[in-house]
Structures are given as structure tokens and as C-alpha cells.
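# Structural overview for review
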Amino acid sequence: MTESHDHPLIAGVELGGTKIVCLLATGPDDIRETVRIPTTTPAEALGEVVKVLSRWHAGPGFAAVGIGSFGPLELDRQSARYGRIVATPKPGWSEADLNVLGADLDVPVLIDTDVNGAAYAEGLWGAARGLRSYAYVTVGTGIGVGSIVEGRSVQGLGHSEAGHLRVGRLPGDTWPGACPYHGDCVEGLASGPAIGARAGRPGGELDPDDPVWDMVVHALGGMLHNLVLTTAPERVLIGGGVADGQAWLFPRLRRALAESLNGYATADRILPQLEDFIQAPGLGGMAGPLGSIALGKAALAGL
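Read on for a plain summary of the structure. (Residues numbered from 1 in each chain as written. Predicted model: local features only at pLDDT ≥ 70, side-chain atom pairs only at ≥ 80, totals over all residues. Heavy atoms only, no water.)

Time to look at unusual backbone geometry. Residue Pro60 is reached from Gly59 by a cis peptide bond, and omega for that bond is 15 degrees. Omega for the bond connecting Gly71 with Pro72 falls within 30 degrees of zero, at 5 degrees, which places this linkage in the cis form. Tracing the chain through its elements places Pro72 in the loop between strand E4 (64–69) and strand E5 (109–113). (Helix = DSSP H or I, 4+ residues; strand = E, 2+ residues; numbered from the N terminus.)

So this is what it looks like as C-alpha cells:
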């Protein structure tokens, strides 16, 4: 496939906590090159990304750059700190300036969270095609939620951080949680590290009937309840290392949401199609990297 006006070549950068994925592509069916870089220090890692982008810019060239990053991020374009990572628990990365990745390239650049990028990708090529409002949830080292409302990611004073919502606890559950900021927020109760800290071993080693999963399902069910009643998604896609390969988890999450809503508001529309409402991402593990390509396409569209 060759690039065209309808399918421009995009340079994408997905910054994760352990690795950075650089992608040169027009879409999922036309990936020209993939480069993976360890997420070391900002100076070292971002410097390597700049080298990759400069090489691609020299030839074959690209029409835009999309950057999807772990956060939190400053996304207010009126702010002098726009494009910086702010108050992150990742050592050394607070105040890292992602604008260096688009400097001197003379193409549109869009910076957003990695989960928002993944959500955009699911809307273009995955399990959210044709929907106006939906959510992409990743449950892994952290819990991130990309919320798309009427075709755009939710932003205002900051961006959506629904993985850090506080939710109700199961009766008798007094475990303090693992989030360094909030203790028992959703991420502190249901992320991979939280499961490992509570159980004493990784979630992948736990049987489906292990009682730790009751706490995880309850926390995630509370988050789903809150998403339904705030951003009103037409579908919720759940991926990430904790959810991948755990097919039994989806029926439990669907039941948890149904029980939590208890017939309220849009429950009568959600319950008859629960399997469709809560499902795995259509792009699987490529949702994140392709999210950066989707952000580049959004940059071209002027978003």
C-alpha cells in the first residue's frame, strides 16, 4: 500500500512506563517500520526518539506526528507547560517536555494520553467503529481510561483520570490499597501491582475463584458504574495485562455493572446487550501503538 491524501504516512510515538514504541504507518494494514526504545531517563529516551523521527523525516517523510504518553500530562494549549508530563510516580519523568519530539519537523503534532490515543484507534479501526461516545480501559501496571465523547477525548482542567476514581469497598475489606497517591482508588485496588501486593503473587498465578478477584471485580465494577453515569459511553472496551487472557473476567464485570446500576438510568438499554457493551478491544495489544497513528491523523484534522 502506498500513502495517499486519504491515507497519509504518520509518525507515531507511544510512551509507556517501560518502553517507547515508534511507528511509521498509514494504519493497521500498512505499518512501514516499528522501533522500540527502553524508557530510561527523559534525556536519553526522548533523544533516541528524536533520532528516529529525524531519520523518518529525511525519508520517506510523514504528514504528522502523534504522541500518546503515560501521564498525567498538561494538555491545556494556553499553558506554558503544555506537553509536559506532570506529577508522575515514574522517577525522573515529572516535567519531562514532550514538545522536543515535534520540534523543527514542520508538520502538525498532537499530544494526548496513551489511553486516549488507543481509544481513538479503536474508533477508527477497532471495536468502537461507528460510535460517537465510548471508553477504552487498560488494566495493567496502572489503570487508564480513554473517554471519547462526541468524537473527542475528554479534556478540561487536565484530562480524564478515571483509573483514580474512588469507589465503594466490599464490606470488611480494609486493605489500604497500593496507589502511592490515593491508596484505595480503583488503580490502588485493581491494577496488576495492587493484585500482586494483596495476593503475594502475580494475578496471572491466581485461580479465577481466588477471593482477591472479588475485590478486583468490585472495584472495576464501581468504575464502570461511574463511567456509565458520567461520560455515557455507548461501549466500554477493556484491555491491558490484567484483562488479557482472562476471558472469565468479562462475565463477572458485566454482572457487577448490572448489579451496581440496579435498573437505574440507561440500565434498561445496557442490560439486554451487556456482551456488546463490555468487550475486549478490537485491536488487541496494538491499540496503544496505533493510538499514536490515530493521534497523528487527528492532528491533520485540526483537533
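On we go.
Turning next to the sheet that holds strand E8 (residues 152–153). Pairing is mixed across the open sheet formed by 5 strands, whose spatial order is E8-E7-E6-E11-E12. Every other strand in the sheet has two partners, leaving E8 and strand E12 (278–279) as the edge strands with one partner each. Sheet contacts for helix H2 (residues 114–125): strand E6 (134–139), strand E7 (143–149), E8 and strand E11 (236–239); angle to E7, the most-contacted strand, approximately 50 degrees. (Pairing = 2+ DSSP bridges. Contact = heavy atoms within 4.5 Å. Axes fitted to C-alpha atoms, helices over the stretch in contact; angles between N-to-C directions.)

Among the 6 residues that make up E6, 5 are buried, leaving the element largely enclosed by the rest of the structure. Sheet topology note: the E6/E7 ladder contains 6 bridges and is antiparallel. When the sheet's bridge partners are listed, Tyr134 is paired in E7 with Ile148. Counted along the chain from E6 to the antiparallel partner E7, the turn is 3 residues long. Bridge count between E6 and E11: 4 bridges; the pairing is parallel. Looking at the pairing, Thr138 lines up with Gly239 of E11. (Buried < 20%, exposed > 50% of the residue type's maximum accessible area, 1.4 Å probe, protein only.)

Glancing now at the nonpolar core. As a rule of thumb, soluble globular proteins bury nonpolar side chains together. Formed by 38 residues in total, the largest nonpolar core has its most connected members in Val137, Ile143, Leu220, Ile238 and Leu257. At the level of elements, E6, E7, helix H3 (186–190), helix H5 (212–230), E11, helix H6 (249–261), helix H7 (267–270) and helix H8 (274–277) are the ones that each hand at least two residues to this core. With 10 residues, H5 is the largest single contributor of residues to this core. Those residues within four positions of Leu220 in sequence are excluded, and the remaining contacts are Val139, Ile143, Val186, Ala190 and Leu253. Formed by 30 residues, the second largest nonpolar core is a distinct cluster that contains Ala45, Phe62, Trp93 and Leu98. (Core = buried A, V, L, I, M, F, W, Y, C linked by side-chain atoms within 4.5 Å.)

Strand order in the open sheet made by the 5 strands is E3-E2-E1-E4-E5, with mixed pairing throughout. Each edge of the open sheet carries a strand with a single partner, namely strand E3 (30–38) and E5. Strand-to-strand twist of the sheet, defined as the mean angle between neighbouring strand axes without regard to direction, takes the value 15 degrees. Summarising the sheet, strand E1 (residues 10–15) and strand E2 (residues 19–27) pair through 6 bridges and their orientation is antiparallel. When the sheet's bridge partners are listed, Ala11 is paired in E2 with Leu24. Strands E1, E2, E4 and E5 of the sheet are contacted by H2, whose axis makes an angle of about 105 degrees with E5. Across the sheet, helix H9 (residues 287–300) is in contact with E1, E2, E3, E4 and E5; its angle to E1 comes to roughly 130 degrees.

With that out of the way, let us pick up the pairing of E1. Of all the 6 residues making up E1, 6 are buried; the element is thus mostly covered by neighbouring parts of the structure. The alternating pattern of E1 places Ile10, Gly12 and Glu14 and Ala11, Val13 and Leu15 on opposite faces, both of which are buried. Where E1 meets E4, 6 bridges bridge the pair, whose relative direction is parallel. Residue pairing in the sheet places Leu15 in a bridge with Ser69 of E4.

If you check H9, its first and last C-alpha atoms are 20 Å apart, about what 14 residues at 1.5 Å a residue would give, namely 20 Å. In terms of residue burial, H9 counts as a mostly covered element, since 12 of its 14 residues are buried. All buried positions along H9 are accounted for by Ala287, Gly288, Pro289, Leu290, Gly291, Ser292, Ile293, Ala294, Leu295, Gly296, Ala298 and Ala299. After H9 finishes, the residue Gly302 shows a positive phi value of roughly 85 degrees. (Expected span 1.5 Å × (residues − 1).)

This brings us to the packing of helix H4 (residues 192–199) against H5. Relative to each other, H4 and H5 sit at 150 degrees, their axes nearing to 10 Å. The pairing of H4 with H5 is recorded here as roughly antiparallel in orientation. Of the two elements, H4 crosses H5, and the hand of that crossing is right-handed. Of H5, the residues touching H4 (which contributes Ile195, Arg198 and Ala199) are Val212, Trp213, Met215 and Val216. Of the residues assigned to the contact of H4 with H5, the class counts are 6 nonpolar, no polar and 1 charged. (Parallel < 35°, antiparallel > 145°, perpendicular 65-115°, else oblique. Left-handed = near helix turned anticlockwise from the far one by under 90°. Nonpolar A, V, L, I, M, F, W, Y, C, P; charged D, E, K, R; others polar.)

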